[in-house]
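# A closer look at the structure
Take a look at the letters that make up each chain.
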Amino acid sequence: MPVLTDLAAQRKALIDEMTMASSIVAFTGAGISTEAGIPDFRSPGSAWTVNKPIPYDAFVASPEVRAEAWRRKFAMDDVSAGAKPATAHIEIAELVRRGRCTRVVTQNIDDLHARAGVPHEHLVELHGNGTYAACISCGTRHELADVRPLFEASGQAPQCRECGAPVKSATVSFGQAMPKHAMQRAAKAATSCDLFLVLGSSLVVFPAASFVDLAKQAGARLVIINREPTGFDDLADWVLRGEIGPVIAGLGAY
Ligand code: NAD
């Protein structure tokens, strides 16, 4: 597990790996979006510490908890308002456009990969998408632009216009079942690439982090770009410890 901290050495290692690879999968976490202005979950002082996500069972069990979950969701939306895709989102979208990156598997819910131009069929959102909401029973989609004013006027958590069940941000909460189709697509991506590139994840959230192991077992090279050590560093062919943006800037062309 060679750890590189020098930017020139990091870029050389990454370019060498990308040049050798015929199929790259990018696996991203909240760290790829901090440069876009969206706080990650575990860095010190994160706005998430005062707006902690509420576990699924608690959300389902009580209307008061649902209202609190919505209050926290909109507070975090305000923190991230105006965020635009960062360098890394743009470089990855370019790799996808050029057919070099076959899938972007993300734990993020911020929609920034899609906004950078990664088409739906190349994007796997393991934890859903926080830019809209859905009924937890019938799945009907609800737009936040409709939900928010009603919530702010009434203080009541929204209910589905079709079936009356609770409406929730279209994300996967702690304790909620993972989306089957996304899990299958991620497994296929992990086992059919030859370079698995992790960008900005503490790799502590499971089952998402297990795709790192799966890719490695299937024979992929593994490169982890992250500010801090992760529990998977020992498995990596390269650990590039530092900021994502400067490492990946311009590498969409490789
Ligand atoms: P995490 O917060 O646990 O880990 C992020 C990692 O990225 C940390 O190790 C941090 O040191 C590193 N990092 C932050 N900025 C960086 C940068 N500029 N360059 C290099 N490294 C950087 O995030 P996670 O592993 O994705 O797990 C958190 C969970 O919370 C996920 O399931 C995700 O769905 C959710 N989440 C999503 C968002 C988002 O959509 N943007 C934001 C916060 C949390």
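Parameters and conventions
Once a new chain begins, its residue numbering starts again from 1 and follows that chain's sequence as written. Note on the predicted model: pLDDT of at least 70 is required for a residue's local features to be given, and 80 or more for side-chain atom pairs to be given and counted; whole-chain, interface and lining totals, by contrast, use all residues. Remark: hydrogens and water are excluded; side-chain values derive from all non-hydrogen atoms of the structure. Per the convention used, a helix needs a DSSP run of H or I reaching at least four residues, while a strand needs a run of E reaching at least two, with both numbered from the N terminus. Expected helix span is taken as 1.5 Å per residue step, with the number of steps being one fewer than the number of residues. The contact definition used throughout considers only heavy atoms, calling two residues in contact when any of these lie within 4.5 Å. Lines fitted to C-alpha atoms define the axes, with helix axes restricted to the stretch in contact, and inter-axis angles between N-to-C directions lie between 0 and 180 degrees. Crossing handedness is read from the near helix: turned anticlockwise from the far helix by less than a right angle, it gives a left-handed crossing, and turned clockwise, a right-handed one. Asp, Glu, Lys and Arg are counted as charged, while Ala, Val, Leu, Ile, Met, Phe, Trp, Tyr, Cys and Pro are counted as nonpolar; the rest, among them Gly, fall into the polar class. As used throughout, domain bounds are those supplied by an automatic or database domain assignment. The term buried area means the drop in 1.4 Å probe accessible area that two parts suffer when joined, counted for both and summed. Just to be clear on terms, a salt bridge is a Lys or Arg side-chain nitrogen sitting within 4 Å of an Asp or Glu carboxyl oxygen. Within 3.5 Å is the distance limit for a polar contact, defined as a pair of N or O atoms, with the added protein rule that one can donate a hydrogen and the other accept it, and that residues adjacent in sequence qualify only through two side-chain atoms. Residue burial is assigned from relative accessible area. The probe radius is 1.4 Å, only protein chains are included, and a residue is buried under 20% of its type maximum, exposed over 50%, and partly exposed in between. We call a residue near a molecule or strand when any one of its heavy atoms sits within 4 Å of it. Any pair of Phe, Tyr and Trp rings, taking the six-membered ring for Trp, is counted once the centres come within 6.5 Å. Such a pair is stacked with planes under 30 degrees apart, edge-to-face with planes over 60 apart, and tilted for the rest. The criterion is that NZ of a Lys, or CZ of an Arg, lies within 6 Å of the ring centre and within 35 degrees of the ring normal, and then a charge sits over that ring. When DSSP finds at least two bridges between two strands, those strands are taken to pair.

This part is about helix 7 (residues 180–192). Note that an α-helix has 3.6 residues per turn; residues three or four places apart therefore point the same way. In a regular helix each residue adds 1.5 Å, so 13 residues correspond to 18 Å; helix 7 covers 18 Å between its end C-alpha atoms and thus fits that length. Summarising the contacts, the buried residues of helix 7 are in contact with strand 2 (24–28), strand 3 (101–106), strand 4 (123–125), strand 8 (195–199) and helix 8 (210–217).

This part takes up the packing of helix 7 against helix 8. The description of two helices packed together rests on the angle between their axes and the distance between the axes. The interhelical angle for the contact between helix 7 and helix 8, taken along N-to-C directions, is 35°, at an axis separation of 8 Å. Every pair of crossing elements has a handedness; the one defined by helix 7 and helix 8 is right-handed. Where helix 7 abuts helix 8, its residues Met183, Ala186, Ala187, Ala190 and Thr191 lie against Phe211, Leu214 and Ala215. Split by residue class, the contact of helix 7 with helix 8 holds seven nonpolar, one polar and no charged.

The subject of this paragraph is the domain arrangement of the chain. With domains assigned, the chain is organised as domain 1 (1–38 + 84–127 + 178–254) and domain 2 (39–79 + 128–171). If you average the C-alpha positions of domain 1 and of domain 2, the two centres end up 28 Å apart. Contacts between domain 1 and domain 2 engage 16 residues on the former and 12 residues on the latter. Where domain 1 abuts domain 2, roughly 960 Å² becomes buried across the two surfaces, and 49% of that area is made up of carbon and sulfur atoms. Taken as a group, Ile38, Ile109 and His127 account for 40% of the area that domain 1 buries against domain 2, more than any other trio of residues on that side. Applying the counting criterion to the domain 1 and domain 2 interface returns zero salt bridges. The interface formed by domain 1 and domain 2 contains five residue pairs in polar contact (both at pLDDT 80 or more).

Right, let's talk about the environment of Val105 for a bit. Tracing the sequence through the fold places Val105 in strand 3. Distance in space between the C-alpha atoms of Val105 and Pro149 is 33 Å, their sequence separation being 44 residues. Leave out the neighbours within four places in its chain, and Val105 touches Val25, Ala26, Phe27, Thr28, Val124, Leu126, Ala186 and Ala189.

Pairing between side chains becomes possible if they bear opposite charge and their charged atoms approach one another. Within this structure, the stated rule accounts for 14 salt bridges. Between Arg221 and Glu17 there is a salt bridge, with its nearest N and O atoms 2.6 Å apart. Placement of the pair is Arg221 in strand 9 (residues 221–226) and Glu17 in helix 1 (residues 7–20), with a sequence separation of 204 residues. A relative accessible area of 33% means that Arg221 is categorised as partly exposed. For Asp233, the salt bridge identified is with Arg241, shortest N-O distance 2.9 Å. With relative accessibility at 4%, the residue Asp233 sits in the buried group. The partly exposed category is assigned to Arg241, whose relative accessible area is 23%. Among the charged side chains, a network of salt bridges with common partners joins Glu17, Lys216, Arg221 and Asp237.

Next up on the list: the site of the ligand. Neighbouring the ligand are 29 residues; Arg42, Gln107, His127, Ser201 and Ser202 lie closest to it. Within the side chain of Ser202, one N or O atom sits 2.5 Å away from an oxygen atom of the ligand. One of the side-chain nitrogen or oxygen atoms of Glu243 is found 3.0 Å away from a nitrogen atom of the ligand. Looking at the shell around the ligand residue by residue, the class counts come to nine nonpolar, 13 polar and seven charged. Looking at which domains feed residues into the shell around the ligand, each of domain 1 (1–38 + 84–127 + 178–254) and domain 2 (39–79 + 128–171) gives three or more.

Moving on, we come to the packing of aromatic side chains. Ring pairs (aromatic) are described by centroid distance and by the angle formed between their planes. The tally for this structure, following the rule as stated, stands at six aromatic pairs. Three or more aromatic residues joined by ring pairs form one cluster here, namely Phe41, Trp48 and Phe174. The aromatic ring of Tyr132 is capped on one face by Arg141, whose charged end is 3.9 Å from the ring centroid.

Turning next to the sheet that holds strand 4. The seven strands are arranged 1-10-9-8-2-3-4 in an open sheet whose pairing can be described as parallel. Strands at the two margins of the open sheet, each flanked by one partner only, are strand 1 (3–4) and strand 4. With five bridges connecting them, strand 2 and strand 8 associate as parallel partners. Residue pairing for strand 8: Ala26 is matched across the bridge by Leu197. Where helix 7 meets the sheet, its contacts fall on strand 2, strand 3, strand 4 and strand 8, and the angle it forms with strand 4 comes to roughly 130°. Sheet strands in contact with helix 8 are strand 2, strand 8 and strand 9, and its direction is about 160° off that of strand 8.

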